[in-house]
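Structure assessment
Spelled out, the chains give:
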Amino acid sequence: MYKIVKKVKLTEDIDRFEVKAPLIAKKAAPGQFVVIRVCEQGERIPLTIADYDRKAGLISLVSMRVGKTTEMLAKLEAGDSLANVVGPLGTPSELEKFGNVVCVGGGVGIAPIMPIARGLREAGNNVVSIIGARTSDDLILEEEMDKISDQLHVCTDDGSKGFKGFVSEFLGQYIKKQKSGINRVVAIGPAPMMDAVSKVTRPYRIKTIVSLNSIMVDGTGMCGACRVEVGNKTKFVCVDGPEFDGHEVDFGLLFARQKIYCPEEEQSHELHRKECRCTGR
Ligand SMILES: Cc1cc2nc3c(=O)[nH]c(=O)nc-3n(C[C@H](O)[C@H](O)[C@H](O)COP(=O)(O)OP(=O)(O)OC[C@H]3O[C@@H](n4cnc5c(N)ncnc54)[C@H](O)[C@@H]3O)c2cc1C
Ligand code: FES
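Just so it is clear, the structure is predicted and the values come from calculations on it, not from any experiment. (Residues numbered from 1 in each chain as written. Chains lettered and ligands numbered in written order. Predicted model: local features only at pLDDT ≥ 70, side-chain atom pairs only at ≥ 80, totals over all residues.)

Take K233: it is sitting in strand β15 (residues 233–236). The class of K233 is exposed, set by 9 C-beta atoms lying within 10 Å. Along the chain, K233 and D250 lie 17 residues apart, while their C-alpha atoms are 9.8 Å from each other. (Helix = DSSP H or I, 4+ residues; strand = E, 2+ residues; numbered from the N terminus. Buried ≥ 20, exposed ≤ 12 C-beta atoms within 10 Å, placed from the backbone.)

Okay, here's the thing in structure tokens:
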């Protein structure tokens, strides 16, 4: 069992959990993730390790409520425990000195971009961060991102804070205004956002890294559920990624595979709403 020592509500739908997991905290690196089960009867879901404290033996998970399992997770409080946490999984982010780096985070994707932005700055890069959400109420970790970035730009779809529009639109305008080159872009958020960012940077040939959120089961390269096409080659997001060159990703296939189990997910969510056999809440 993995005890939740702290829970912070970041927005109406997004919570941050500090979970006691000393062995994972000891080895975790930016870009990696865990696979959790809320309870013994529950399904396995992947969540990025948003932060870690090796000394305290804690990992931070930031979860957005979108369906059955994330809803069950949202009902847990400090003092409750997760049945399983497996990790750290996946390949860590490349944190070298590239020069001028732009980190783009959308929605709950701001949480996983944070340790990457911090690591890139510690590696000596000039880090410009662009974060966005639907509205100012949905925006997370603005203060934290401000502290670890050389420059921070905020976007909201409805214009309630910062630039009115998508992070990809802001990025397009930002690139046009730059006199010194941009050496790398790292983007994490919903798949359509990462696709849009990759389309914006492609004409400028700016290396663009995206973190793919395909459906996963085991998270260790055995089931094939997370299969994607990158550079016309089959890759498993859980072991070959989750980070890939955005210009090489077949986003169309990713979108299609993300929706494969929508009817079953909805049915399972419906059954769960009637009776939760797990947390009892
Ligand atoms: C490497 C990785 C890291 C992720 N990190 C985060 C994170 O830090 N915070 C966060 O909020 N979300 C993260 N996600 C997405 C998260 O795993 C899904 O939102 C979650 O699994 C949805 O489960 P559900 O039962 O609540 O929703 P459901 O209703 O079952 O599904 C809603 C949608 O979520 C996706 N999904 C469902 N099951 C899975 C699964 N087993 N694996 C992956 N995607 C699934 C599908 O696209 C589905 O249509 C990550 C995904 C991946 C692959
Ligand atoms: S999740 Fe099973 S192979 Fe990647």
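There is more to say, and it comes next.
What follows concerns the sheet that holds strand β13 (residues 208–211). On the basis of which strands lie adjacent, the open sheet formed by seven strands has the order β11-β10-β9-β8-β12-β13-β16 and mixed pairing. Looking along the sheet, the strands with just one partner apiece sit at the ends: β11 (163–164) and β16 (243–245). The sheet contact formed by β13 and β16 spans three bridges and is antiparallel. Bridge pairing in β16 links I209 to D245. Relative to strand β8 (residues 100–106), helix α3 (residues 110–122) is tilted by about 165°, and along the sheet it contacts β8, β9 (126–133), β12 (184–188) and β13. Relative to β13, helix α6 (residues 191–201) is tilted by about 175°, and along the sheet it contacts β8, β12 and β13. (Pairing = 2+ DSSP bridges. Contact = placed C-beta atoms within 7 Å. Axes fitted to C-alpha atoms, helices over the stretch in contact; angles between N-to-C directions.)

Reading across from one edge, β6-β1-β2-β5-β4-β3-β7 is the order of the seven strands in this open sheet, with antiparallel pairing throughout. Of all the strands in the sheet, the pair left with one neighbour each is β6 (81–82) and β7 (84–89). Both strand β3 (residues 33–37) and strand β4 (residues 45–53) contribute to a ladder of four bridges, which runs antiparallel. Within β4, the position partnered with V35 by the bridge is P46. The sheet strands contacting α3 are β4 and β5 (58–64), and the helix crosses β4 at an angle near 40°.

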